[in-house]
Amino acid sequence: MAAVTLKDVRKAFGATEVVHGVGISIQDGEFCVLVGPSGCGKSTLLRMIAGLEEITAGEIAIGGRVVNDIAPKERDIAMVFQNYALYPHMTVFDNMGFSLKLAGVARQEMHKRVSDAAGILGLDELLQRYPRQLSGGQRQRVAMGRAIVRKPQVFLFDEPLSNLDAKLRVAMRTEIKELHQRLRTTAVYVTHDQIEAMTMADKIVVMNAGNVEQIGTPLDLYDNPANQFVAGFIGSPAMNFVPGRVNGDIIDLGQGVSLPSIPGLKLQSGAELVLGVRPEHLAVSDGGLRAEVVVVEPTGADTQIFCKLAGHDINAVVRERHAFRPGEAVHFKPQLVYAFDSASGARLA
Amino acid sequence: MNGRRIWGEAKLWLVGIPIALWTLIPIYHLFLFSISSKDSAFGGALWPDHPTTRNFGIVLRQDHFYLHHFWHQIWNSLLISVTTGVLTLLVATTAAFAISRLKVRGGRVVMNAALFTYFIPAAFLAVPMYKAMSGFGLLNNQWSLILAMVTLASPYAIWVLKQASDKLPVELDEAAIVDGATPLQLFRMVYLPLMAPSLVAVGVYALLLAWNEYLYAFLLLSNDKSVTLSVALGHFLSADDSPWELLMATGFLYALPPAAIYYVFRRYMVAGLTSGAVKS
């Protein structure tokens, strides 16, 4: 087991820099999730940790040892690929034992380690099968088994669940989490799915366009987003954003809708800003922000109300059941409002 | 069955029947001659009145002036074509692996050069090749034909294998690299097994190219004991009174090994071994 430290890591393909000086410190035994939209550089970063991509500048250390110029196999890492990457001409047993075979581990020891890993993952019955004879979930499990048998210092996961159907994804999510709790090996996990990030991570790194936007625990990011990007990316359904203008003690949203200024907001009259409210922080009330209902979606547990507020689409999730008709007026009382700079997106309050 | 499907099926037959006839009639003709006696060979019958296996007996016993070295020559053909197949595979597989998987510098140039060689017909190169082989002192040595055939087969073989290996998912290489494989282990333990179907197809191509070769074999080899059977078959026509029935019987025997090779390896010609490797 080992800590993983990235210092000002950069990656350029030719003249195009795709990762701009990323610094992350992952503790020993931590489950760290890199999350962000496609093309944000998270997979490239993972591949640099694995040694599959060269580092243009900066430093990556695993267990205190700088690995910039060390070959992947010397880094003591194991990787699980998005499309499994199982060797199709080998049985499950041979797939899982391949790294041990290459390392010259004795047959008996290899047998024991593969059986142990197969036991953990429930693959005992499948050891003599070929990858083509397995279902998607089983293949993914074999891919994880291949990583486990090596007893690496760090597990690297590159969107391991994105090829599975929704139901299986939820099940495998729990399985990976359980596995981590059992093995306590440092893990770096890449995903574009913020729910995966929220549910699995000890630490989340939110990335966008090659930069780290924020690093923190899941609830930390949810409660205290550093900027508009993180606020919109973390949480489901996503946070509502409405532009406004400070006008004395109130914030004017246009079309005659306004709300009182937010504590801690230090802006002069006339300054523009973006307000953010999570759908679950909007409560239906008799007074407050007036909006016009567009669509109501009852999901059983709660009700999702899509409406127009001062000409902007917003979305509220409430526990009570409502039967609003489209076009009807509804009033919301926001319980928690965030404010962001309208130009930079930085959090103001 | 509606009209469109009938028409679709009819088009298939319209194309298929002429192609089948085009392919089968010469083979039937060959066979017909080889089971006819010398007198009835040119009788024009669709089936001889008295079919005979006598011609095959003469060929197998080497019981004719043109056939004194039959077994030796068929062995030459076999040796040369198998060696050509093996050497071509060696050259093409390593080249394709280096270009497609290891991404060596200059790979594109090699690929384009490989394709470019086919702008020049092999016959144009016959004389330069003859001079080159004579310079190496290899004339009348079977290695000259083997090397010439490997040279002619390699560009196409590299091209095909490069295309095939481009289809292997790159994640397999990466998984093997993370698992600790050296490039050579990757080649031997992951790449070669997965390329097996293409290797068989390319190997068979090179083997048959050499087996069927006439021009180069005729130019580079001259001794009766070192020529291939294809050249020996040509010798039959050197007299006015050629023994056609024996020529055809020998030709028929000459055509059997390629047919057998196709039959044995037909599965590999189409099989895709990579299913299940990655989610597609």
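All residue numbers refer to position in the chain's written sequence, counted from 1. Chains carry letters from A onward and ligands carry numbers from 1 onward, assigned in written order. Local features in this predicted model are restricted to residues whose pLDDT is 70 or higher, and side-chain atom pairs enter the listing and the counts only when it is 80 or higher, whereas totals over whole chains, interfaces and linings include all residues. As a convention, hydrogens and water are excluded, and side-chain values are obtained from all of the structure's heavy atoms.

### A look at the overall build of chain B
- To qualify as a helix, a DSSP run of H or I must reach at least 4 residues; to qualify as a strand, a run of E must reach at least 2; elements of each kind are numbered from the N terminus. Regarding its fold elements, chain B presents 11 helices and zero strands.
- The order of helices and strands in chain B, counted from the N terminus, is α-α-α-α-α-α-α-α-α-α-α.
- Only protein chains enter the area calculation, which uses a 1.4 Å probe; residues under 20% of their type maximum are buried, those over 50% are exposed, and those in between are partly exposed. Across the 280 residues of chain B, 43% fall into the buried class.
- Long-range pairs, those at least 24 residues apart, make up 73% of the contacts in chain B with a sequence separation of at least 6.
- Summed over all atoms, the accessible surface of chain B reaches about 15,800 Å², with 69% contributed by carbon and sulfur.
- Counted as positive: Lys and Arg. Counted as negative: Asp and Glu, with His and the chain ends omitted from the count. To locate a charge, the coordinates of NZ of Lys, CZ of Arg, CG of Asp or CD of Glu are taken. One way to put it: in chain B the 18 positive side-chain charges average out to a point 12 Å from where the 14 negative ones average out. Note on definitions: a residue-residue contact is assigned when non-hydrogen atoms from the two residues lie within 4.5 Å. Per-residue and other accessible areas were derived by the Shrake-Rupley procedure at a 1.4 Å probe size, with only the shown protein chains allowed to occlude residues.

### Some words on unusual backbone geometry
All names here are of chain A.
- A cis amide bond links S236 to the next residue, P237, at an omega of -5°.
- Within the element layout of this structure, P237 appears in the loop between helix 8 (228-233) and strand 11 (240-247).
- The backbone phi angle of Y84 is positive, close to 70°, even though this residue is not glycine.
- Residue placement: Y84 occurs in the loop between strand 6 (77-80) and helix 2 (92-102).

### Some thoughts on the domain arrangement of chain B
Residue and element names in this part refer to chain B.
- What marks off one domain from the next here is an automatic or database domain assignment. When cut into domains, chain B gives domain 1 (2-61) and domain 2 (68-273).
- A separation of 29 Å is found between the C-alpha centroids of domain 1 and domain 2.
- Accessible area that two parts lose when put together, with a 1.4 Å probe and added across both, is what the buried area reports. For the domain 1 face of the interface with domain 2, the top three residues by lost area are L30, K38 and V59, together amounting to 41%.
- Salt bridge criterion: a side-chain nitrogen from Lys or Arg within 4 Å of a carboxyl oxygen from Asp or Glu. Counting across the interface, domain 1 meets domain 2 through zero salt bridges.

### Things to note about a nonpolar patch on the surface
Residues and elements named next belong to chain B.
- Patch membership requires more than 30% relative accessible area and the absence of a salt bridge. Residues of like charge join within 9 Å; the nonpolar side chains Val, Leu, Ile, Met, Phe, Trp and Tyr join within 5 Å. A cluster of nonpolar residues, L12, W13, I17, L21 and I25, forms a patch on the protein surface that exposes about 560 Å² of accessible area.
- Of note, L21 is situated in helix 1 (residues 3-34).
- Among the residues examined, L21 registers a relative accessible area of 46% and is labelled partly exposed.

### What to know about the packing of aromatic side chains
- Two aromatic rings, drawn from Phe, Tyr or Trp (for Trp, its six-membered ring), form a pair once their centres lie within 6.5 Å of each other, and the interplanar angle then sorts them: stacked below 30 degrees, edge-to-face above 60, tilted otherwise. On inspection of all chains with the given rule, the structure shows 20 aromatic pairs over all chains.
- Considering the side-chain rings of B:F70 and B:W71, the 5.2 Å spacing of their centres and the 75° angle between planes classify their relative orientation as edge-to-face.
- Overall, the relative accessible area of 1% leaves B:F70 in the buried class.
- Ring-pair connections join several aromatic residues into one group, and the members of that group are A:F31, A:F155, A:F157 and A:Y189.

### Some words on the pairing of strand 4 (residues 57-62) of chain A
Residue and element names in this part refer to chain A.
- Strands qualify as paired when DSSP identifies two bridges or more between them. As paired elements, strand 1 (residues 4-13) and strand 4 share five bridges and run antiparallel to each other. Bridging from a neighbouring strand, R10 pairs with A57 of strand 4.
- Alignment of strand 4 against strand 5 (residues 65-66), held across two bridges, turns out to be antiparallel. From the neighbouring strand, I62 faces strand 5, where its bridge partner is R65.
- Connecting the antiparallel pair strand 4 and strand 5 is a turn made up of two residues, with G63 showing a positive phi of about 60°.

### A short note on the sheet that holds strand 11 of chain A
All names here are of chain A.
- Read across the sheet, five strands follow the order 13-12-11-14-20 without closing on themselves; strand pairing throughout is antiparallel. Edge strands, defined here as strands with exactly one partner in the open sheet, are strand 13 (257-260) and strand 20 (338-341). For this sheet, the mean inter-axis angle between neighbouring strands, taken without regard to orientation, is 40°.
- Bridge analysis of strand 14 (residues 272-277) against strand 20 gives four bridges, and the strand direction is antiparallel. Angles here are taken between N-to-C directions and fall from 0 to 180 degrees, while the axes themselves are lines fitted to C-alpha atoms, restricted in helices to the stretch in contact.

### Brief notes about the pattern of salt bridges
Residues and elements named next belong to chain A.
- Overall, the coordinates contain 17 salt bridges over all chains when judged by the stated rule.
- In this structure, D8 and R10 form a salt bridge, with 3.6 Å as the shortest nitrogen-oxygen distance.
- Residue K42 pairs with E159 through a salt bridge whose shortest N-O separation is 3.7 Å. Of this pair, K42 sits in helix 1 (residues 42-50) while E159 sits in the loop between strand 7 (154-158) and helix 5 (166-183), and the two are 117 residues apart along the sequence.
- What makes K42 buried here is its relative accessible area of 3%.
- Residue classification places E159 among the buried residues on the basis of a relative accessible area of 10%.

### Let's talk about the interface of chain B and chain A
- Taken together, the contact between chain B and chain A spans 23 residues of the former and 26 residues of the latter.
- The interface formed by chain B and chain A contains two salt bridges.
- The definition of a polar contact used here is a pair of N or O atoms within 3.5 Å, where within protein one atom must be able to donate a hydrogen and the other to accept one, and adjacent residues in sequence count solely through side-chain atom pairs. Seen at the junction of chain B and chain A, the total is seven residue pairs in polar contact (both at pLDDT 80 or more).
- For the side of chain B that touches chain A, the secondary structure elements donating two or more residues are helix 7 (170-178) and helix 8 (183-212) of chain B.

### Observations regarding the packing of helix 3 (residues 70-101) of chain B against helix 6 (residues 142-166) of chain B
Residue and element names in this part refer to chain B.
- Helix 6 packs onto helix 3 with a crossing angle of 40° between their chain directions and a minimal axis gap of 6 Å. Seen from above, helix 3 lies across helix 6 with right-handed handedness.
- Amino acid classes used here: Ala, Val, Leu, Ile, Met, Phe, Trp, Tyr, Cys and Pro are nonpolar; Asp, Glu, Lys and Arg are charged; the rest, including Gly, are polar. Looking at side-chain class alone, the contact of helix 3 with helix 6 contains 17 nonpolar, nine polar and three charged residues. Rotating anticlockwise by less than a right angle from the far helix to the near helix defines a left-handed crossing, while the corresponding clockwise rotation defines a right-handed one.

### Describing the nonpolar core
- By nonpolar core is meant a set of buried Ala, Val, Leu, Ile, Met, Phe, Trp, Tyr and Cys residues that side-chain atoms within 4.5 Å join together. Grouped together as the largest cluster of nonpolar side chains are 60 residues, with contacts concentrated most on A:L45 and A:L156.
- Ranked by residues supplied to this core, first place goes to helix 8 of chain B with nine residues.
- Residues within four places of A:L156 in sequence aside, it is in contact with A:L46, A:I49, A:A50, A:I77, A:A78, A:M79, A:V80 and A:V188.
- Membership of the second largest hydrophobic core comes to 45 residues, among which are A:F155, A:M172, A:A187 and A:I204.

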